[in-house]
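Observations on the three-dimensional arrangement
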Amino acid sequence: MFTLAEVASLSDIQPTYRILKPWWDVFMDYLAVVMLMVAIFAGTMQLTKDQVVCLPVLHSTVNSKVQPDTSGKADFTTVETTTGQEESSARTVSLGSAPTVTPDILLSRATSSQYQPTESGQELKKEQKDSSGRKTNLDFQQYVFINQMCYHLALPWYSKYFPYLVLIHTIILIVSSNFWFKYPKTCSKIEHFVSILGKCFESPWTTKALSETACEDSEENKQRLTGAQSLPKYVSTSSDEGSPSASTPMITKSGFKFSADKPMIEIPSVTILDKKDGEQAKALFEKVRKFRAHVEDSDLIYKLYVGQTVIKTVKFIFILCYTANFVNTISFEHICSPKVEHLIGYTRFECTHNMAYMLKKLLISYISLICVYGFICLYTLFWLFRIPLKEYSFEKVREESSFSDIPDVKNDFAFLLHMVDQYDQLYSKRFGVFLSEVSENKLRGISLNHEWTYEKLRQHVSRNAQDKQELHLFMLSGVPDAVFDLTDLDVLKLELIPEAKITAKISQMTNLQELHLYHCPAKVEQTAFSFLRDHLRCLHVKFTDVAEIPAWVYLLKTLRELYLIGNLNSENNKMIGLESLRELRHLKILHVKSNLTKIPPNITDVAPHLTKLVIHNDGTKLVVLNSLKKMTNVAELELQNCELERIPHAIFSLSNLQELDLKSNSIRTIEEIISFQHLKRLTCLKLWHNKIVSIPSSITHIKNLESLYLSNNKLETLPAAVFSLQKLRCLDVSYNSIAVIPVEIGLLQNLQHFHITGNKVDVLPKQLFKCVKLRTLSLGQNCITSIPDKVSQLLQLTYLELKGNCLDRLPAMLGQCQLLRKSGLIVEDHLFDTLPSEVKEVLNQDTSIPFANGI
């Protein structure tokens, strides 16, 4: 027999699951334990003491006295005979002188009730005198036999199996009550929920967040008591995160807005959150977010709990219906009529059941317990269907705390929270803190400030190419407060910081003139915006969608350089217009890297004062360029990777254009170049990385041209017209198919930079070295076999590239190029070794000079 502890273990659950056990489940568990005790107690009593005692039913002595004696004298004798080793005995009854009566005749007479046994006069007198009872002439073995026989025949089945039925029913009820804790598909969710809930309840961040809420409430109450009718204008208690509107460009977070000229209301920090607690709290936010997404998709837990409650209710009704009918069947006395006359000699027995009284009391107790259990089941069903348990609102928590953004939940998540509320509502209140984005942002801010101290930020400050102090922050949860203490910072780069917040403390950074926002829709406070509007000069914004550009960007009146990198087209290739740029009155440089099909019309808002326009497309063909005509003051224009096939005519209207860059397009012919003669100020023309096959002679009309870039095209010859550009200082024809350098190159007396790398040149004309102002000469990757000694005439030469040719030696006259050093001589090592040692010493002088300067 199993013990009570073993059976009770069926209802045992993990202690942490108790928070999901409402009072009715707990009460039903205790009732189930009591029913288990009833079953085990009844079973124990039945196994140890349950028995039936039976006696044969004899005819009364009164009837035997009035019965006439046909034989005259009754002589009752008993004859016992035994045969061999048999243990059974046979009895014969002799009546006076009557013949011997066999047992069969005796039993038949007893059955038909026609034979009335009589006794001798002496026996009758002795019976009357003896008060101990009537003898039945049965031995002990016969009594044991008949007791066992009548136990199974006379007792109702319910009296014999009552303990086992109670045990089985109770086990079913226990299993039904706790099945949702054991079922694999719900057990994992419940275990995860309880684990997260416990950690949220004990997290120091929960205490801190709720404590700050209490402080805020007390501060508000204090203001009311002091008679403050309204908050000052510089304080906003809006709980919205805020977004830019037509009237205000600022995006502020919930809480207070700070003004630079007015005092700031500070809420005291009740607890100090260390780094370890902060990291644990951040992990909890992530766990809660994933758990919510996982559990809100289904309502399996709710359905299972409803199902097991319905099963228990049906079970209660079934038990009550059939058990009530058996209460009266449990009796102390029973009549037994076994068909064993041939063994015992009697047909009827009167039996007593010694456990009848106890079983009846236990049955009544069991019915009472079942009734209470059933009424609780009915109440549970009423609670389950009284309110929608698949929806849970944190409205009360939102009203009592500053976290007004706590979302409502549904399905199994909502049901679990309803169950927790039956245990203690404080659990769900603390759990709600980890559903709030405002709470998470506050935590991130605290953890961020713990990690990124002033000293650590100072270590990340570097000098950029412009010799400015620059700080680059990448993939942080926000902007550390200590950043605004770096008052000498010139450039601030914020990349992949989705919750970036620029506070009023930025007004301390008086040297800040350049700001980079890469996928960082930064929000600014009012005072911070005022500072940026008056001090910021250069802004870089990288985005995925044009809507990510902060609204306050379009209101920076003193901004001079704006760099926009991102998608400005929708899926149907229509323009998503930028906000109006009209307020950017001092904007001089606009750089747009996108996938435009036409120049945004809003760019014309800044056309009167724009001096440089750069459009870098990703290969999308730029079709409409008419807006360029309005940019009469543009001095530099870059249209790169725009799939242009010809030089756009709109460019010829830009009378102030000085530099034109049409890099990485599909231009094949430049016959329109003659129209550049109207652009008197054009000094730099970049047509590199195209498909140009020839240079028209009309290029001579661009008389003021100083730089011409034609590299990475398909040129085979250089026309003499190119060398008529007397002001030309830089000529780049690298990576073409040019085989001959015309002798007319000597006419370019102002030429300082000549690049012809990656062509098919095999001979260097002597006229090349008449360009005595050459500083850079790139001749690499050609077929040159020798370098003339006249290279010594290039006294200003600082860079000479000869690598990748067919040279077998270098001229010793290189030593006369006074400004040439080994670092500026790009050549194979074995060729450098062919130079005389004194020449190598001259060229190696630069190796020690920088070292000395460095020291």
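A quick note: this is a predicted structure, and the numbers were derived from the prediction, not measured. (Residues numbered from 1 in each chain as written. Predicted model: local features only at pLDDT ≥ 70, side-chain atom pairs only at ≥ 80, totals over all residues. Heavy atoms only, no water.)

A few points about the pattern of salt bridges
Just so we agree on the cut-off: For salt bridges, the criterion is a side-chain nitrogen of Lys or Arg within 4 Å of an Asp or Glu carboxyl oxygen. Numbered from the N terminus, helices here are DSSP runs of H or I no shorter than four residues, and strands are runs of E no shorter than two. Relative accessibility under 20% of the residue-type maximum defines a buried residue, over 50% an exposed one, and the middle range a partly exposed one, all with a 1.4 Å probe and only protein chains included.
Considering all chains together, one arrives at 19 salt bridges under this definition. The partner of Lys686 in a salt bridge is Glu659, with the nearest N and O atoms 3.5 Å apart. Taken as a pair, Lys686 in strand 20 (residues 684-686) and Glu659 in strand 19 (residues 659-661) lie far apart in primary sequence, 27 residues in all. Like Glu659, Lys686 is buried. A network of salt bridges, in which partner residues are shared, links Asp299, Lys303 and Lys390.

Examining a nonpolar patch on the surface
To keep things clear, this is the line we draw: Think of a patch as exposed residues, more than 30% relative accessible area, with no salt bridge, where like charges cluster within 9 Å and nonpolar side chains (Val, Leu, Ile, Met, Phe, Trp, Tyr) cluster within 5 Å. For every accessible area listed, the method is Shrake-Rupley and the probe measures 1.4 Å; residues are considered covered only by the protein chains on display.
Residues Trp23, Val26, Phe27, Tyr30, Val372, Tyr379 and Phe382 make up a contiguous nonpolar surface patch of about 680 Å² in total accessible area. Residue assignment for the nonpolar patch shows that the elements contributing at least two residues are helix 2 (23-49) and helix 13 (356-386). The leading source of residues in the nonpolar patch is helix 2, at four residues. Note that Tyr30 resides in helix 2.

Examining the sheet that holds strand 1 (residues 52-56)
Note the following rule: Two strands are counted as paired when DSSP detects at least two bridges linking them. Every angle, taken between N-to-C directions, lies between 0 and 180 degrees, and every axis is a line fitted to C-alpha atoms, over only the stretch in contact when it is a helix. Any pair of residues with heavy atoms lying within 4.5 Å of one another is described as a contacting pair.
Spatially, 1-5-4 is the arrangement adopted by the three strands of the open sheet, whose pairing is antiparallel. Strands with a single pairing partner mark the edges of an open sheet, and in this sheet they are strand 1 and strand 4 (333-336). Strand-to-strand, the axes of this sheet are offset by a mean angle of 25 degrees, without reference to chain direction. Set on the sheet, helix 6 (residues 140-153) makes contact with strand 1, strand 4 and strand 5 (349-353); between it and strand 1 the angle comes to about 115 degrees.

As for the UniProt feature "transmembrane region" (unreviewed entry) in the protein chain
What counts is decided by this rule: UniProt positions are given in the numbering used here, feature names are shortened, and annotations may be inferred rather than shown by experiment.
Per the UniProt record, "transmembrane region" (unreviewed entry) is annotated on residues 27-47, 161-181 and 363-385. Taken as a whole, residues 27-47 contains 100% helix and 0% strand, while its terminal C-alpha atoms sit 30 Å from one another.

Some details on the packing of aromatic side chains
Filter applied, for reference: Only the six-membered ring of Trp is used, alongside the rings of Phe and Tyr, when aromatic pairs are assigned; centres must lie within 6.5 Å, and planes under 30 degrees apart are stacked while those over 60 apart are edge-to-face, with the rest tilted. To sit over a ring, a charge needs its Lys NZ or Arg CZ within 6 Å of the ring centre and within 35 degrees of the ring normal.
Evaluation of the coordinates by the stated rule reveals 25 aromatic pairs. Between Phe162 and Tyr366, the ring centres sit 6.3 Å apart and the planes meet at 80 degrees, which makes this aromatic pair edge-to-face. Taken together, the positions of Phe162 in helix 7 (residues 157-182) and Tyr366 in helix 13 put the pair 204 residues apart, joining distant regions of the chain. Members of the aromatic cluster, joined through ring pairs, are Trp23, Trp24, Tyr379, Phe382 and Trp383. Directly above the aromatic system of Tyr518 lies the positively charged group of Lys542, at a separation of 6.0 Å from the ring centroid. For Lys686, the ring lying beneath its charged end belongs to Tyr709, and the centroid distance is 5.2 Å.

Some thoughts on the state of the cysteines
Rules: The disulfide criterion is simple: two cysteine sulfur atoms within 2.5 Å.
Applying the stated criterion across every chain, the model contains two disulfides. Taken in sequence order, the bonded cysteines of the protein chain link in the pattern 1-4, 2-3.

Comments concerning the side chain of His540
Mapped onto the elements of the fold, His540 is located in strand 14 (residues 538-545). For His540, a relative accessible area of 12% puts it in the buried group. Sequence-distant contacts of His540, that is, excluding residues within four places in its chain, are made with Glu514, Leu515, His516, Leu517, Tyr518 and Tyr563.

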